[in-house]
Amino acid sequence: MMKPKSSSFSGYFVGILLLEVMTSASEKWTVTIPIGHLVAIVGGQIELSCQLSPPQSAKHMEVSWFKGDHFTSKLVHLYRDGHEVKGEAAPEYVDRTEFVKEAIGEGKVALRLHNIRVSDNGTYQCSFKDGNFSNMASMDLNVTALGLETQIHIQAPRTDGLMVECNSGGWFPQPQMVCKDSKGEVIPHSSQLYSQDGAGLFHIKMTLLLSYKSQGDMICYIHNPLSDEGKQINIILADALFVPVHNWLMSFFILSSAMLFFIFVLLVYWCFKRKVSRYNFIHILNSIPAQVLGFACFCAMLSIYLHFRMQVSISDPFFSLYNDWIWYMAKMVIILMGFYIVLITALYFTVRGHFKKMKNIWKKSTEMQSAKCRHGKHYKK
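Residues numbered from 1 in each chain as written. Predicted model: local features only at pLDDT ≥ 70, side-chain atom pairs only at ≥ 80, totals over all residues. Heavy atoms only, no water.

**Thoughts on the side chain of Asn-224**
1) Next: Note on placement: Asn-224 falls in strand 16 (residues 218-224).
2) Next: When its relative accessible area of 0% is taken as the criterion, Asn-224 is described as buried.
3) Next: From its side chain, Asn-224 meets the backbone oxygen of Phe-172 in a polar contact 2.9 Å long. (Helix = DSSP H or I, 4+ residues; strand = E, 2+ residues; numbered from the N terminus. Buried < 20%, exposed > 50% of the residue type's maximum accessible area, 1.4 Å probe, protein only. Polar contact = N/O pair within 3.5 Å; in protein donor to acceptor, adjacent residues only side chain to side chain.)

This is the structure:
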């Protein structure tokens, strides 16, 4: 009866001893990381550090870094048998990693990642392996980028206000933009569009419609929500931009057209009064009053051109705005000139033919009256 008890006690003791050996082996060492959340800037570099606890040499161990989870992991760098293993890392990390092993005798290593890209954003695993035992730790790398280019475009004034377009690119993650007027009040945007380029960087385009009453400076803030950094753009808008150009410009053209038409009617009336059938109509157009009128119109258009042109230089981004207006004005003047040329020509030939007919009718009626008079005198005799 004692032998079975002794055998049972021995088996129990061996089981306890094996369990303690396995437990001590599993608690031999662990992998720790100093910082769990890292932030890197696009184009810069970052160090992914990890170490053994308790500190001990890792020269004989296999050290590796992976990106992603266990199912979609990519090998970033591998250290084995005392040297770095080339050719096994993922293609996007070739020639961009550097193994820092100055403190490997204490179990401290780091992977320096150069030329940070947007695609490097994600979770990384640092793994140590010694024989059949391994352990790893995870860290998160957040990639950020501040905008490199910011452009402001002022579109041609419209009847309802001035259109301002803000473009900024080279951001990650998706930025936030807000514009405020000189009073600090937020200006509501008309539209806001986001897009990404091939490198994964975000581009933002926001348009604002400024009414003619909201004169003054404007400040636009572009904010990166991850790094809590951003840019501030001060936009100084000249008061002349808020003048409703359409209103006074159209009034000017309407008034000029009315004056030209009135002068034309006076010329036609003058021709009728002076018996235009005997008067050379072309001579009127070539007369000094007509030439003075044309020169006055030319001077008026030139003064308007200089008024717009002298406000900005060619290098100024507003130059295209005024240049477009000059083209619009030139087109309107050409259309008006063509219209009046056609009108004057048509009237000239119409009036000329009409007076020829009137002259023939008057000549015939005069001949008939003189014939009747001769016939009456002959009848009395």
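**Description of the sheet that holds strand 8 (residues 108-113)**
1) Next: Here we have 4 strands laid out as an open sheet, ordered 1-3-8-7, and antiparallel in their pairing. Where the open sheet ends on each side, the last strands, each with one partner, are strand 1 (30-32) and strand 7 (97-100). Sheet twist, expressed as the average angle between the axes of neighbouring strands with direction ignored, equals 20°.
2) Next: Two elements, strand 3 (residues 46-53) and strand 8, share 6 bridges in a ladder whose sense is antiparallel. Bridge assignment links Gln-51 to a residue of strand 8, and that residue is Lys-108. (Pairing = 2+ DSSP bridges. Axes fitted to C-alpha atoms, helices over the stretch in contact; angles between N-to-C directions.)

**Section: the state of the cysteines**
1) Next: Overall, the coordinates contain 2 disulfides when judged by the stated rule.
2) Next: Covalently, Cys-50 is tied to Cys-126 through a disulfide, its sulfur atoms 1.9 Å apart. Negative torsions about the S-S bond denote left-handed disulfides, and the value of about 50° found for Cys-50 with Cys-126 makes this one right-handed. With a gap of 76 residues between them, Cys-50 in strand 3 and Cys-126 in strand 9 (residues 122-130) connect regions that are remote in the sequence.
3) Next: What pairs with Cys-179 in a disulfide is Cys-220, and their sulfur atoms sit 2.1 Å apart. Residues Cys-179 and Cys-220 share a disulfide whose torsion about the S-S bond is about 100°; that sign makes it right-handed. Highlighted residues: Cys-179 in strand 13 (residues 176-181) and Cys-220 in strand 16, separated in sequence by 41 residues. Each member of the pair, Cys-179 together with Cys-220, is buried.
4) Next: Cysteine pairing for the chain (bonded cysteines numbered in sequence order): 1-2, 3-4.
5) Next: Between Cys-166, a free cysteine, and Cys-220, which holds the nearest cysteine sulfur, the sulfur-to-sulfur gap is 3.8 Å. (Disulfide = S-S within 2.5 Å.)

**Observations regarding the pattern of salt bridges**
1) Next: Tallied over the entire structure, the rule returns 8 salt bridges.
2) Next: As a salt-bridge pair, Glu-92 and Lys-74 come within 2.9 Å of each other at their nearest N and O atoms. Here Lys-74 lies in strand 5 (residues 74-80) and Glu-92 lies in the loop between strand 6 (83-84) and strand 7, a separation of 18 residues in the sequence.
3) Next: Taking the relative accessible area as the measure of exposure, Lys-74 reaches 41% and is therefore partly exposed.
4) Next: Notably, a salt bridge pairs Lys-205 with Glu-165, separated by 3.7 Å at the nearest N-O pair. Of this pair, Lys-205 sits in strand 15 (residues 202-210) while Glu-165 is found in strand 12 (residues 162-171), placing the two residues 40 residues apart along the sequence.
5) Next: You can call Glu-165 buried: its relative accessible area is 11%.
6) Next: Look at the salt bridges and you will find they share partners, linking Glu-47, Glu-98 and Arg-112 into a network. (Salt bridge = Lys/Arg side-chain N within 4 Å of Asp/Glu carboxyl O.)

**Details of the nonpolar core**
1) Next: Formed by 29 residues in total, the largest nonpolar core has its most connected members in Trp-65 and Phe-128.
2) Next: Of all the secondary-structure elements, those providing two or more residues to this core are strand 2 (37-41), strand 3, strand 4 (62-67), strand 5, strand 8, strand 9 and strand 10 (133-144).
3) Next: If you look at the next biggest cluster of nonpolar residues, it comprises 23 residues, including Ile-154, Val-164, Leu-201 and Leu-210. (Core = buried A, V, L, I, M, F, W, Y, C linked by side-chain atoms within 4.5 Å.)

**Considering the packing of aromatic side chains**
1) Next: The full count for this structure, using the stated rule, is 4 aromatic pairs.
2) Next: Judged by centre distance (4.8 Å) and plane angle (25°), the ring pair of Tyr-79 and Phe-99 falls under stacked. With Tyr-79 in strand 5 and Phe-99 in strand 7, the pair connects residues that are 20 residues apart, well separated along the chain.
3) Next: Taken together, Trp-65, Tyr-79 and Phe-99 form an aromatic cluster joined through their ring pairs. (Phe/Tyr/Trp six-rings, centres within 6.5 Å; stacked < 30°, edge-to-face > 60°.)

**Section: the environment of Pro-54**
1) Next: Structurally, the position occupied by Pro-54 is in the loop between strand 3 and strand 4.
2) Next: The spatial distance from the C-alpha of Pro-54 to the C-alpha of Trp-29 is 6.1 Å, given a sequence separation of 25 residues.
3) Next: Leave out the neighbours within four places in its chain, and Pro-54 touches Lys-28 and Trp-29. (Contact = heavy atoms within 4.5 Å.)

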